[in-house]
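Structural overview
In case you want the letters, here they are:
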Amino acid sequence: DAKTTQPPSMDCAEGRAANLPCNHSTISGNEYVYWYRQIHSQGPQYIIHGLKNNETNEMASLIITEDRKSSTLILPHATLRDTAVYYCIVISTGANNLFFGTGTRLTVIP
Amino acid sequence: GAVVSQHPSWVICKSGTSVKIECRSLDFQATTMFWYRQFPKQSLMLMATSNEGSKATYEQGVEKDKFLINHASLTLSTLTVTSAHPEDSSFYICSATRDRGTNTEAFFGQGTRLTVV
């Protein structure tokens, strides 16, 4: 079963920051938080991941709470091409299963 | 970066025939490969976990005799949908993982759209 919960949908105005929350309250010490996004009829695309420190790359920033029970993906300046379903998943070392939750459908509005 | 290639990207087959989907890790040896099915407007549903050289582990409700998984090498896993029926029409996605120290990374193929007519 998926170990993450996310709001089913969100809207964001073009050019504004999109903040996508994820709850992973049962995360264990060796599990990383990964974010992917899926555009219609394509495979999931990697965005960013982290263990406990905040992370930033060219696509997004990841903020993980100190207790690691939740995280937020931040797209600093959303564009129309960022419209997609965003999935937050937790992956343990040597993962022998990889479950997806429902994800958040982000719609960027012009 | 690591790439997972899935082939074909789409296929149309007649009812009763079998279809094979390939998943390759192009520049790394995959520790584990996963197969998913996705229906329209739904999330990815894990079907089975595949480890090289051993039998796949199927999730509850997934028929192992219908969805044959072969993982003959560290870079290739195949999913064969046997005696396909229209209800098997779906988007199938594979994933391959790579261990890097304490971190396990997951990479996904581009998906295969199967239509059974």
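The rules behind the values
Residues numbered from 1 in each chain as written. Chains lettered and ligands numbered in written order. Predicted model: local features only at pLDDT ≥ 70, side-chain atom pairs only at ≥ 80, totals over all residues. Heavy atoms only, no water. Pairing = 2+ DSSP bridges. Helix = DSSP H or I, 4+ residues; strand = E, 2+ residues; numbered from the N terminus. Disulfide = S-S within 2.5 Å. Buried < 20%, exposed > 50% of the residue type's maximum accessible area, 1.4 Å probe, protein only. Polar contact = N/O pair within 3.5 Å; in protein donor to acceptor, adjacent residues only side chain to side chain. Contact = heavy atoms within 4.5 Å. Core = buried A, V, L, I, M, F, W, Y, C linked by side-chain atoms within 4.5 Å. Buried area = accessible area lost by both parts, 1.4 Å probe. Salt bridge = Lys/Arg side-chain N within 4 Å of Asp/Glu carboxyl O. Nonpolar A, V, L, I, M, F, W, Y, C, P; charged D, E, K, R; others polar. Axes fitted to C-alpha atoms, helices over the stretch in contact; angles between N-to-C directions.

We now examine the pairing of strand β7 (residues 67-73) of chain B. Residue and element names in this part refer to chain B. Pairing geometry for β7 and strand β8 (residues 76-81), over 5 bridges, is antiparallel. Counterpart to isoleucine 69 in the pairing with β8 is leucine 79. Turn length for the β7-β8 hairpin, with the two strands adjacent in sequence and antiparallel, is 2 residues.

Once that is clear, we can look at the state of the cysteines. Residues and elements named next belong to chain A. Applying the stated criterion across every chain yields a total of 2 disulfides over all chains. Sulfur-sulfur distance for the disulfide between cysteine 22 and cysteine 88 comes to 2.1 Å. Its S-S torsion of approximately -75 degrees makes the covalent link between cysteine 22 and cysteine 88 left-handed. On the criterion of sequence distance, the pair formed by cysteine 22 in strand β2 (residues 18-23) and cysteine 88 in strand β8 (residues 84-92) is long-range, its members being 66 residues apart. Each of the two residues, cysteine 22 as well as cysteine 88, counts as buried.

Okay, the side chain of B:Ser95 next. Along the chain, B:Ser95 falls in strand β9 (residues 90-100). Here B:Ser95 falls in the buried class, since its relative accessible area comes to 0%. Within the local environment of B:Ser95, its side chain forms a polar contact with the backbone oxygen of B:Phe107, the two atoms lying 3.1 Å apart. If sequence neighbours within four positions are ignored, B:Ser95 has contacts with A:Leu98, B:Thr32, B:Met33, B:Phe34, B:Tyr36, B:Ala106, B:Phe107 and B:Phe108.

Ranked by internal contacts, the top residues of the largest apolar core, which has 25 residues, are B:Val4, B:Trp35, B:Phe67, B:Leu79, B:Tyr92 and B:Leu114. Counting only elements with at least two residues in this core, the list comes to β2 (10-13), β3 (19-25), β4 (32-38), β5 (45-51), β7, β8, β9 and β11 (112-116) of chain B. Counting residues in hydrophobic clusters, the runner-up holds 21 residues, among them A:Ala18, A:Ile47, A:Ala60 and A:Val108.

A separate point is the interface of chain A and chain B. Between chain A and chain B, the residue contacts involve 23 residues of the former and 25 residues of the latter. In total, about 1700 Å² of surface goes out of reach between chain A and chain B, with carbon and sulfur atoms giving 53% of it. Between the two partners, chain A and chain B, sit 0 salt bridges. Inspection of the region where chain A meets chain B yields 10 residue pairs in polar contact (both at pLDDT 80 or more). Looking at which element gives the most residues to the side of chain A that touches chain B, the answer is strand β3 (residues 31-38) of chain A, with 4 residues. Partitioning the side of chain A that touches chain B into residue classes produces 10 nonpolar, 12 polar and 1 charged.

All names here are of chain A. The 5 strands lie next to each other as β1-β9-β8-β3-β4, forming an open sheet whose pairing is mixed. The open sheet has two edge strands with one neighbour each: β1 (9-13) and β4 (45-50). In this sheet, neighbouring strand axes are inclined to one another by 25 degrees on average, regardless of whether the strands run parallel or antiparallel. With 8 bridges joining them, β3 and β8 adopt antiparallel strand pairing. Its bridge partner being in β8, tyrosine 34 is matched across the sheet by isoleucine 89.

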